[in-house]
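Observations on chain architecture
Here are the chains, one letter per residue:
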Amino acid sequence: MPVETEAPGEGDGTRRGLGQYALRFRVSGVAGFLVLLCVAFALLRPAFMTPGNLNAIISNAAILAIVAAAQAVVLITRNLDVSVGSIMGFSAYLTADFAARHPGVGLALLLMPLVIGGALGAINGLLVAYGRVSPLIATLGTLSIYRGLTYVYARGQEITSSRLPHWMNALPDMRFAGIPLLVLIAAALVCLLAAFLNFYALGRRMYAVGSNVSASAFFGLRTKRIVLFAYTLGGVLCGLAGFLYAARVGTVTVVLASGWELTSLAAAVIGGVSVAGGSGNVIGAALGAVVLATIDNGLVLLGIPEFWRMFVQGSAIVLAATADVIIAGQVRHSLRARRRLARP
Amino acid sequence: MTAKLSAPALRIVGLTKSFGASNALSDVSFDVGRGDVHALVGENGAGKSTLVKIITGILEPNAGRIELLGEPVRFATPVEARRAGVAAVYQDPKLFPHLDVAENISMGAAPVTAIGAVDRKAVVARARDSLARIGVGIDPHALIAELSVAELQFVEIARALTADLKLLILDEPTSSLTPAEAEKLFQIVHDLRDNGTSVIFISHRLEEVALIADAVTILRDGRHVLTRPAAELSQAEIVRTMVGRPLKGMFAERAKRKPGRELLRVDELTREGVFSNVSFSLRAGEIVGMAGLVGSGRSEIAQACFGLAPPTSGRVALDGVPVTPRSPKQMLGLGLAYLPEDRDGVGLIMPATIVSNITLPILRALARLGLIDEAAARRIATEAVETYRVRTTGVDQIVADLSGGNRQKVAFARWLSTRPKVLILDEPTHGVDVGSKAQIHEIIARLADDGLAILVISSDLPEVLGVSDRVLVISEGELVAELDPSAVNQETVMMAATRNVRDAAHAG
Amino acid sequence: MIRKLPQWELTLVVLTIAAGAWSAYLSPYYLSIDQIADSTRQFVYPGILALGLTVVVILGEIDISVASTLAFGAVLFSKFSAFGVLIWVAAPLVVAACAALGGLNGVLVARLGLPSLAVTLGTMGAFRGLAFILGSEMGYTNFDDRYLFIGSEYAFGPVPASFVLFLAVAVGIGVLTHWTVFGRRCYAIGLNKEASWAAGIDVARLKIQAFALAGALAGLAALVWIGQYGSARGDNADGAILLVVTAVVLGGVDINGGRGGILGVVLALFLLGTMRNGMGLANVPGPIQTIVLGALLIVGVLRPVIVQGLARVRRLVLSRPAIQSD
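What you see is a predicted model; the values in this text were computed from it and never measured.

1. Some words on the overall build of chain B
Across its full length, chain B holds 19 helices and 22 strands. A compact globule built from 508 residues would reach a C-alpha radius of gyration of about 23 Å, and chain B, at 25 Å, matches this within 12%. In terms of overall dimensions, chain B has C-alpha extents of about 75 × 55 × 45 Å along its principal axes. When burial is assessed residue by residue, chain B has 49% of its 508 residues classed as buried.

If you want it as structure tokens, here you go:
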């Protein structure tokens, strides 16, 4: 009995398309969804479409985009970090406190949150990569340790904006060509990160580790170091984001940025970064942040209470994860179905 | 120095490897000539994959040495081996599904530009180059997840080519390929050979061996039997040498009884791409053997009957009642049990105790008012341990601490605790010592005498012939022969098992 | 199932006694039966959550949405109270509703094959969000006194009723996991999912049941919460998940599934309770307590490494230099 063969290309088109969509064009999916959202809100509330409002949205999204990118970096290696909020808070508070005690400090201050954030991220990385602790547990633990340390350091004090350097307070209001500085910084960072992840060997290895960790050993990749690097890089980004957030809110409290872990994960997952690692990119994560900011803004304009936000974020994570699993299943299915096809 | 120039591509001397008490390789020595396609042939368990793992640096030998082009080498990791020019391609390619072909080929050693970024153009060019060298037209920008199994293997080979490849090892490369794809692969092998790269080709398909091999090495039970130019060996001779064991007369006495009613009937069972149109039946008191090569689809047929993996089409009837196997729970309840091939991974729960393993499928029956009757569970386990003569310190012993043979008996006990009418055993004596083997055959015989219908899937030819009342031979997913064990010998079975049904593709 | 050495449980007992001694040293108020008994009240609702989570973890999954389910349950209960529904009707309804939420987690994990971490991360937000939406900004505090029974009354002597409830639930779950068919199957799945499937266990159904159980217990914990604090709001038990996960992990339950038991979790809760109590009496600031909790969580997960290390040390110390065998 001859083995059945199918004419090449027959039935292939759609299945291959789904596969390509899954791994390549997820970002366009988010962009498309964003456009849809904007159209929907604009129709419901014309006030949505004013330049002032749009500006507010991307300003709100800017800092979240940086944290979402940090989360994406870790997710790509098939890990996660729920201590991002605590890293932000700790870095922000220590930096603000230092600045308050040393008035007249210049831009060199920026080094502090980067170093602190990096160190905190590195601790996470050491626990996960070398201590082989499950990422959830490790970062759940550091979430409280870092936040606790912030409390201990602060001794209940909050730092008012009057004690912060003038340039730091002015930061959120600065604009270039009408675009807020924060947005430019975020955009630049995300682009740099995207370039790094796409064009540099280390960035590609991060994807490799997340894609197939056992093959990584076969290829001679230093899996542990790569994971440590991912967490450290994420920490640095969180440190910076914390600093910018402090500049934005003015008063630096001990609870700064609590709860950002869920939001950053939601943004990343909506943006197509898979919890299973190996796929998605920071641009998608940044777009996911914009999506969340847009939804927030729209909800406010529609008069829907803020309580819905948590529900929306949580549901978004579940829906996005479901969508990714379904798509991945389609890819696998199409792969198996093509096993015995003859090809020219 | 002339010695080096004429040194063989690979020289293996006295290689020995043992795992605990069993010898995977014993004093294996042979040469692979330069620019040769060298076939490595042997039954399942002969030691081929162990040998490959040692050559590529995954395992360390207990004794012996390896020389590559005259230089003694010892690799600690596959990466080292690859750098020295030795690469292996396995049946399950280890690639990164989320990345594209070009990246996979260069991962770990990508060329960089002046600013330290990956030189994408060079990566793509390198990929194109390698793929062209093996004459395969895969788009370097395609994602690995989109490729077919054959294309994955070609990418793996292309990847191996990027180093200065001296020796390429292909482990059962054609088992998942269509005839056309296999043709392509042979073309690649020929081209490599013509360019001076040596190839070790592991295959069960003897007609392929005849087609492309320059020399053949046969291993049996971990020992080297012979190495000869392919032209000097016929397929029949190869089979004979592979199998070469006298039939042991140590199989259990069977009560001469006529088989009873039909307990399992399988009609035109098909799973697309795995097996097709398989039909057979099992009767009470019968032991039917199912022979065939590893990968011929025997396990998959059994798993389809058991509900582990649903068939695409076909009918299954249990004791006259048609069923659609959907889950092991369903089939166990109906009286069909399957002892999986992967005994330690799927057949048993290794970190658990004997008593919990044995009683796992029958927990419901052991419960009174929802609570497990511990005493009853231990009674059943103790009985089983006695009946099957399991050597253990007690029913609370962790199964992982038992020897292979005793673990197998515990696995038996587990499935038999469900009192099945039909029992399918997949490689029941794989990794079992000789003494336990005999005991297991005894158990099987007694079960058949008690009226069970038994299907024994086995790659151990003497076992298949010694234990069965009749033998089904599966080749490439199809039932190709039904043999009377008393009328045939091992070679006949092997010939049937290696028969390539698509002879049309290989005319000469 | 597996007769794990009670080594870890013994260690927990020793540590608890040590913590108690240290607490007594730190504060003269510690060593009083009334005080200690009363202090157990704080740990009843996290304890019940931890018991539910334990079953899920034994299976090899994780559920970090239990605290959010509690919040939802509390708010739902407050709605019933506002409508004057009898407590004997409202309570089971709340538990059932929370079980349904848990079941949703289970369906997403078992039928759709989603990773439980991602799912419960999402439902953690979604359920709490629902609680916020359903509840009011101020929170509801007009509970009938009868509703508050479970949280405030004493069973006998100084022992709070809620503590008795906790013990009862612990015994119940303990029996469930160690002596019932359901429990055995959970352990089996946690150790080896494929082998359990091949042995005829309906893995998907069991997972859904386990998640639903965790949800139901969260609902029960919500009732305790109401009884204790008398208020229902969307942010109830926010952040409690840290304590709950720590209790499970510290109790010796392997995060990968298949190992550990209720006894360990209960002992871990006692240990955590003693430490918290002692620190509180000694006026150790809340944030430091949080740090200690986080550190304990990590230590809990590193426990296998620690145990291995200890075993190696013990071997080195006890072994005599032997003739080099083959």
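2. With respect to the confidence of the model for chain C
All names here are of chain C. Chain-level statistics for chain C give a pLDDT mean of 85 and a share of 90% at 70 or above. Helix H3 (residues 44–58) holds the highest mean pLDDT among the elements of chain C, 95, whereas helix H7 (residues 149–152) holds the lowest, 63. Residue range residues 322–326 is modelled with pLDDT below 50. Its contacts to residues more than four positions away, or to other chains, number zero contacts. As a predicted assembly, this complex carries a pTM of 0.82 together with an ipTM value of 0.82.

3. Remarks on the environment of B:Asp460
By the element assignment, B:Asp460 lies in the loop between strand E20 (453–457) and helix H18 (461–467). Note on B:Asp460: 22 C-beta atoms within 10 Å, which makes it buried.

4. Quick notes on the sheet that holds strand E12 (residues 275–283) of chain B
Residues and elements named next belong to chain B. Here we have four strands laid out as an open sheet, ordered E12-E11-E14-E15, and antiparallel in their pairing. Of all the strands in the sheet, the pair left with one neighbour each is E12 and strand E15 (321–323). Averaged over all neighbouring strand pairs, the angle between strand axes comes to 20 degrees, with direction disregarded. Contacts between helix H10 (residues 298–306) and the sheet are confined to strand E11 (262–271), E12 and strand E14 (313–318), with E11 contributing the most and set at about 115 degrees to the helix.

5. Points about the packing of helix H4 (residues 84–101) of chain A against helix H6 (residues 135–154) of chain A
Residues and elements named next belong to chain A. At their nearest, the axes of H4 and H6 sit 8 Å apart, and the two run at 20 degrees to each other. Classed by the angle they form, the pair H4 and H6 counts as roughly parallel. For the crossing formed where H4 meets H6, the hand is left-handed. Counted together, Ser86, Ile87, Gly89, Phe90, Tyr93 and Leu94 of H4 and Thr142, Leu143, Tyr146, Arg147, Leu149, Thr150, Tyr153 and Ala154 of H6 form the full contact between these two elements. For the contact of H4 with H6, the residue count by class is nine nonpolar, four polar and one charged.

6. Digging into the nonpolar core
Membership of the largest hydrophobic core comes to 378 residues, with the highest contact counts inside it found for A:Ala69, C:Leu49 and C:Val244. Here the element with the most residues in this core is helix H11 (residues 223–249) of chain A; it accounts for 17 residues. When residues are assigned to domains, this core turns out to be shared by domain 1 (2–243) and domain 2 (262–353 + 419–505) of chain B, each giving three or more. With residues near it in sequence (within four places) discarded, A:Ala69 still touches A:Leu189, A:Val190, A:Leu193, A:Leu237, A:Val282, A:Ala285 and A:Ala286.

7. Details of the environment of B:Asp31
Residue and element names in this part refer to chain B. With respect to the secondary-structure elements, Asp31 resides in strand E2 (residues 22–32). Given 18 C-beta atoms within a 10 Å radius, Asp31 is considered partly exposed. Through-space distance from the C-alpha of Asp31 to that of Arg228 is 10 Å; in sequence the pair is 197 residues apart. Sequence-distant contacts of Asp31, that is, excluding residues within four places in its chain, are made with Pro8, Leu10 and Arg11.

8. Things to note about H11(A)
Residues and elements named next belong to chain A. Between the first and last C-alpha of H11 there are 39 Å, a value that for 27 residues agrees with the 39 Å anticipated at 1.5 Å per step. Judged by how many residues are buried, H11 sits mostly within the fold: 22 of 27 residues are covered. Phi for Gly250, located one or two positions after H11, is positive at around 85 degrees.

9. What about the sheet that holds strand E16 (residues 336–339) of chain B?
Residues and elements named next belong to chain B. Pairing within the open sheet is mixed, and its six strands lie in the order E16-E19-E20-E13-E21-E22. Lying at the two open borders of the sheet, with one neighbouring strand each, are E16 and strand E22 (478–483). Adjacent strand axes in the sheet meet at a mean angle of 20 degrees when their direction is disregarded. Together, strand E13 (287–292), strand E21 (470–475) and E22 form the strand contacts of helix H19 (residues 490–497), whose direction differs from that of E21 by roughly 30 degrees.

About the thresholds
Residues numbered from 1 in each chain as written. Chains lettered and ligands numbered in written order. Predicted model: local features only at pLDDT ≥ 70, side-chain atom pairs only at ≥ 80, totals over all residues. Helix = DSSP H or I, 4+ residues; strand = E, 2+ residues; numbered from the N terminus. Rg over C-alpha atoms; globule rule 2.2 N^0.38 Å. Buried ≥ 20, exposed ≤ 12 C-beta atoms within 10 Å, placed from the backbone. pLDDT = per-residue confidence, 0-100. Contact = placed C-beta atoms within 7 Å. Pairing = 2+ DSSP bridges. Axes fitted to C-alpha atoms, helices over the stretch in contact; angles between N-to-C directions. Parallel < 35°, antiparallel > 145°, perpendicular 65-115°, else oblique. Left-handed = near helix turned anticlockwise from the far one by under 90°. Nonpolar A, V, L, I, M, F, W, Y, C, P; charged D, E, K, R; others polar. Core = buried A, V, L, I, M, F, W, Y, C linked by C-beta atoms within 7 Å. Domains from an automatic or database assignment. Expected span 1.5 Å × (residues − 1).

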